[in-house]
Structures are given as structure tokens and as C-alpha cells.
Amino acid sequence: MYEKIVEAANRLEGIAHKTPVHTSTLLNELTGNQMFLKCENFQRMGAFKFRGAYNAISSLPEASQNKGVIAYSSGNHAMATALTCKILGIPATVVMPDDAPQVKAAAVKDYGATIIRYNRKTESREEKAQDLIDEFGYTLIPPFNAEPIVAGQGTVAKELIEEAGELDYLLVPCGGGGLISGCAIAAKQLSPQCKVIGVEPVVSNDATKSFKAGELQAIEHPNSIADGLNTPTLGNITFPLIQEYVDDFITVSEEEIKAAMYFLWTRLKLVVEPSGAVALAAYQKLSVKNKRIGVVLSGGNVDVRKAGELFKDISV
């Protein structure tokens, strides 16, 4: 599978940004470790999702591209699909929930995609997308459960380790498992001793439950502030990869996510969304010192008008 990540890296060369790896003396002092933050908030459309979407869509046969693609997402995968299709000149339709963050829906529209809304409490996004596929012949670009998506996301860890060097730990947020699957494969290839740790909100911990139980678990209508991680369950492609390559999972509270986000904004001047702060929120629970730790900041697509509400109860 690692060779697929290398192929994806070649496909993304000159298209995706090679995002910076941020270090901080303050963060190192606070943690007692060397911390390397992979800043996917600086990726095109503001999140790692562009990597997987571009890798998947650009490798489709021409006939499929001409008919158009469809995706379902609360935001970042929708944006990634829309931007990729704008770049490649491919028609895009995106199924988004009614309560998707306004800033993300606006970006999807600006990129030229057609948005189809649904109520996540009463409707199935998969069924709505399938109805449109049956009618128009679109190709589905899933948000995580596909090998080209996993391979594209794996370029995050490939770049991080190639720049920062070998790591002792890699903390990766987990929703549907595409990012952590790809990153874990790359990490085990490039830094074999590295322990890959998935991080989830406590209120959206289906992957943690699945990992511990050894079989897929689901959560109905997860509702974390980390909206990009509100996936009900892992996929039949991502879960086996997680079982094989990921070492452990950590869960974090909503308060811990807010605190990590606030720290990134105010002390490191890094604008991340709640999902993007989840991995850093877990560092204290590792209970290690003098280690080299990679942290994936997965995205920065946050409505800044609402950020103050998230921060208002933070004690400084």
C-alpha cells in the first residue's frame, strides 16, 4: 500500500501544497518533548482532504470525469471535491447536511459545485447520493473509505517524516479513518519504531470502540464541536488498515479540544478548526518525556465569527 502513497505524492506534486512543519520552543517546554506540527490548515481549501480528493478524482477514467462526480460531506471533503473539480474542469455535486458550517458551504458554492442539502437526523446522505448516481451516472468520491483517498491522505505523514526525521509518536485525528490509515502506513514505512495514535472526541468515539472491540462499532448522530470527526463509523477499507497499522487510540473531551484550539490560536498564531486541534489535545495523555512527537493539525476551516463562542469559557 505504501507504493500507492508514493504514486499519490507524485500525482500531487506541484498541485497540493507541501504544508509547513511548525515547531515551538514554548510547546516543547510545556510538553517535555520535541513537537512537530504538520500544518494542514495551510493546505489548499484549508485541510488535508484536498490530497485524497485530488488523487482520487484525477485518476478517474475520462468518461467518468465527463459525467461528473458526487461526494457527501459536512464540509472539508465537500470543499476538496469542489476545488479539485474546478481545477480539472469536472462537474461536481456535493450532498451536505443542513447544519454544515456556513463557511464551508460558502466555499463549496464559490468553487462552483452544486450543493444538495439533507437533514442528517432524518435522511441518509448515502441514499441521497445513490439516487443521484442512479439518475445521472455520477461517480462517487467517498470521504474516506477508498484506497485512492487513503493513499492521498498518507502523503501528510510522508512529508512530515521526510522533513522532521523519524518520530517516536504520531498523533492523528480520526473521523472515518482515511487520514490515520494513510498516515499510519507511511509512518510504519519511514519510521518503523513510531507509534501511531488515533485521537477522537469522547462524544464521537466509534473508532476507539471499534479498535478496542476488534469489530466495527457505530455511533448514531455523533455531535462533537469537531464536526469533521462526526462520522458514525469507520469503513470496511479503513478499519482493517487501522487494525494493522495503528497502535492505540486516545479520546479527548470537548473542553480539551477548545483548550488546544485556543492555545494554537493565541500562543502559536495557528488558526485551526476544532477537528484540527483534536490531535494536540491528546498530548498530555501520552505521559512521555524526551520523545519526538508528530501532530497532524488537519484543517483550519472555522467560522471566525463563531470562534469567540467556543473560547468564552476558556480560563487563561
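Residues numbered from 1 in each chain as written. Predicted model: local features only at pLDDT ≥ 70, side-chain atom pairs only at ≥ 80, totals over all residues. Heavy atoms only, no water.

**A word on the overall build of the protein chain**
(1) Moving on: Within the protein chain, the secondary structure is distributed over 14 helices and 10 strands.
(2) Moving on: On C-alpha atoms alone, the protein chain measures out to a radius of gyration of 18 Å, which is about the 20 Å that the 2.2 N^0.38 rule sets for 316 residues.
(3) Moving on: Projected onto the principal axes, the alpha-carbon positions of the protein chain cover approximately 55 × 45 × 40 Å.
(4) Moving on: Buried positions account for 57% of the 316 residues belonging to the protein chain.
(5) Moving on: Nonlocal contacts in the protein chain, meaning residues at least 24 apart in sequence, comprise 73% of its contacts between residues at least 6 apart.
(6) Moving on: Accessible surface, the protein chain: about 13100 Å² in total, of which carbon and sulfur atoms supply 47%.
(7) Moving on: Side chains of the protein chain carry 31 positive and 36 negative charges; the gap between the two charge centres is 5 Å. (Helix = DSSP H or I, 4+ residues; strand = E, 2+ residues; numbered from the N terminus. Rg over C-alpha atoms; globule rule 2.2 N^0.38 Å. Buried < 20%, exposed > 50% of the residue type's maximum accessible area, 1.4 Å probe, protein only. Contact = heavy atoms within 4.5 Å. Areas by Shrake-Rupley, 256 points an atom, 1.4 Å probe, with all protein chains shown as cover. Lys, Arg positive; Asp, Glu negative; His and termini not counted. Charge placed at Lys NZ, Arg CZ, Asp CG, Glu CD.)

**Description of the environment of Glu220**
(1) Moving on: Secondary-structure assignment places Glu220 in the loop between helix H10 (206–213) and helix H11 (238–245).
(2) Moving on: Classification of Glu220 by relative accessible area gives exposed; the value is 67%.
(3) Moving on: Spatially, the C-alpha atom of Glu220 lies 29 Å from that of Val156, the residues being 64 residues apart in sequence.

**Concerning the nonpolar core**
(1) Moving on: Counting 36 residues, the largest nonpolar core has Leu37, Leu264 and Val295 as the members making the most contacts within it.
(2) Moving on: Among the elements of the structure, strand S2 (34–39), strand S7 (169–173), strand S8 (195–201), strand S9 (248–252), helix H12 (254–266), helix H13 (274–281), strand S10 (292–297) and helix H14 (304–311) are those that each provide at least two residues to this core.
(3) Moving on: Membership of the second largest hydrophobic core comes to 34 residues, among which are Tyr2, Leu160, Leu170 and Cys194. (Core = buried A, V, L, I, M, F, W, Y, C linked by side-chain atoms within 4.5 Å.)

**Topic: the side chain of Arg51**
(1) Moving on: Structurally, the position occupied by Arg51 is in helix H3 (residues 49–58).
(2) Moving on: At 2.9 Å, the side chain of Arg51 and the side chain of Thr155 are in polar contact.
(3) Moving on: When neighbours within four sequence positions are excluded, Arg51 is seen to be in contact with Leu12, His17, Thr19, Lys38, Glu40, Gln43, Gly152, Gln153, Thr155, Val156 and Glu159. (Polar contact = N/O pair within 3.5 Å; in protein donor to acceptor, adjacent residues only side chain to side chain.)

**Digging into the pattern of salt bridges**
(1) Moving on: Using the criterion set out here, one finds 14 salt bridges in the structure.
(2) Moving on: Two residues, Glu162 and Lys158, come together in a salt bridge whose shortest N-O distance is 2.9 Å. One end of the pair, Glu162, and the other, Lys158, are both in helix H8 (residues 147–164), four residues apart, so they sit about a helical turn from each other.
(3) Moving on: Among the residues examined, Lys158 registers a relative accessible area of 13% and is labelled buried.
(4) Moving on: Among the charged side chains, a network of salt bridges with common partners joins Lys38, Glu40, Arg51 and Glu159. (Salt bridge = Lys/Arg side-chain N within 4 Å of Asp/Glu carboxyl O.)

**Observations regarding the packing of aromatic side chains**
(1) Moving on: Tallied over the full model, the rule gives five aromatic pairs.
(2) Moving on: Centre to centre, the rings of Tyr262 and Phe311 are 5.3 Å apart; their planes meet at 70°, and the pair counts as edge-to-face. One end of the pair, Tyr262, is in helix H12; the other, Phe311, is in helix H14, with 49 residues separating them in the sequence.
(3) Moving on: Each member of the aromatic cluster is reached from another via a ring pair, and the members are Tyr262, Trp265 and Phe311. (Phe/Tyr/Trp six-rings, centres within 6.5 Å; stacked < 30°, edge-to-face > 60°.)

**Things to note about a negative patch on the surface**
(1) Moving on: Judged by side-chain charge, Glu127, Asp131, Asp134 and Glu135 come together as a negatively charged surface patch.
(2) Moving on: Here Glu135 is to be found in helix H7 (residues 125–136).
(3) Moving on: A relative accessible area of 57% places Glu135 in the exposed class. (Patch = residues over 30% accessible without salt bridge, like charges linked within 9 Å, V, L, I, M, F, W, Y side chains within 5 Å.)

**Examining helix H9 (residues 178–190)**
(1) Moving on: Taking 1.5 Å per residue as the helical rise, H9 with its 13 residues ought to reach 18 Å, and the 18 Å between its terminal C-alpha atoms agrees with that figure.
(2) Moving on: Where H9 is concerned, the buried positions are Gly178, Leu179, Ile180, Ser181, Gly182, Cys183, Ala184, Ile185, Ala186 and Ala187. (Expected span 1.5 Å × (residues − 1).)

**Describing the sheet that holds strand S5 (residues 114–118)**
Paired through their backbone hydrogen bonds, the strands of a sheet run either parallel or antiparallel.
(1) Moving on: Pairing in this open sheet of four strands is parallel, and the strands run S5-S4-S3-S6 from one edge to the other. The open sheet is flanked by S5 and strand S6 (139–140), the only strands paired with a single partner.
(2) Moving on: Of the strands in this sheet, strand S3 (69–72) and strand S4 (92–97) touch helix H5 (residues 76–88), which is tilted by about 160° from S3.
(3) Moving on: Contacts between H7 and the sheet are confined to S3, S4, S5 and S6, with S3 contributing the most and set at about 170° to the helix. (Pairing = 2+ DSSP bridges. Axes fitted to C-alpha atoms, helices over the stretch in contact; angles between N-to-C directions.)

**Some thoughts on the state of the cysteines**
(1) Moving on: Taken as a whole and judged by the stated rule, the model has zero disulfides.
(2) Moving on: We note that Cys183 lacks a disulfide partner, and the nearest cysteine sulfur, in Cys194, lies 10 Å from it.
(3) Moving on: Among the residues examined, Cys194 registers a relative accessible area of 0% and is labelled buried. (Disulfide = S-S within 2.5 Å.)

**Points about the sheet that holds S2**
(1) Moving on: Taken together, the six strands give an open sheet; going across it, the order is S1-S2-S10-S7-S8-S9, and neighbouring strands pair in mixed fashion. Of all the strands in the sheet, the pair left with one neighbour each is strand S1 (21–22) and S9.
(2) Moving on: Bridging between S1 and S2 involves two bridges; their strand directions are antiparallel. Bridge pairing links His22 to Leu37 in S2.
(3) Moving on: Here H8 sits on the sheet and contacts S1, S2, S7 and S10; the angle it forms with S2, its principal contact strand, is near 135°.

**Here we look at the environment of Glu162**
(1) Moving on: Placed 28 residues apart in sequence, Glu162 and Leu190 show a C-alpha to C-alpha distance of 7.9 Å.
(2) Moving on: Here Lys158 takes part through its side chain, which lies 2.9 Å from a polar atom of the side chain of Glu162.

**What to know about the packing of H9 against H11**
(1) Moving on: In contact at an axis separation of 9 Å, H9 and H11 are set at 35° when each is read in the N-to-C sense. Where H9 crosses over H11, the two elements pack in a sense that is left-handed. When H9 is examined against H11, the residues Gly178, Ile180, Ser181, Ala184, Ile185 and Lys188 are found in contact with a partner set consisting of Thr238, Leu241, Ile242 and Tyr245. (Left-handed = near helix turned anticlockwise from the far one by under 90°.)

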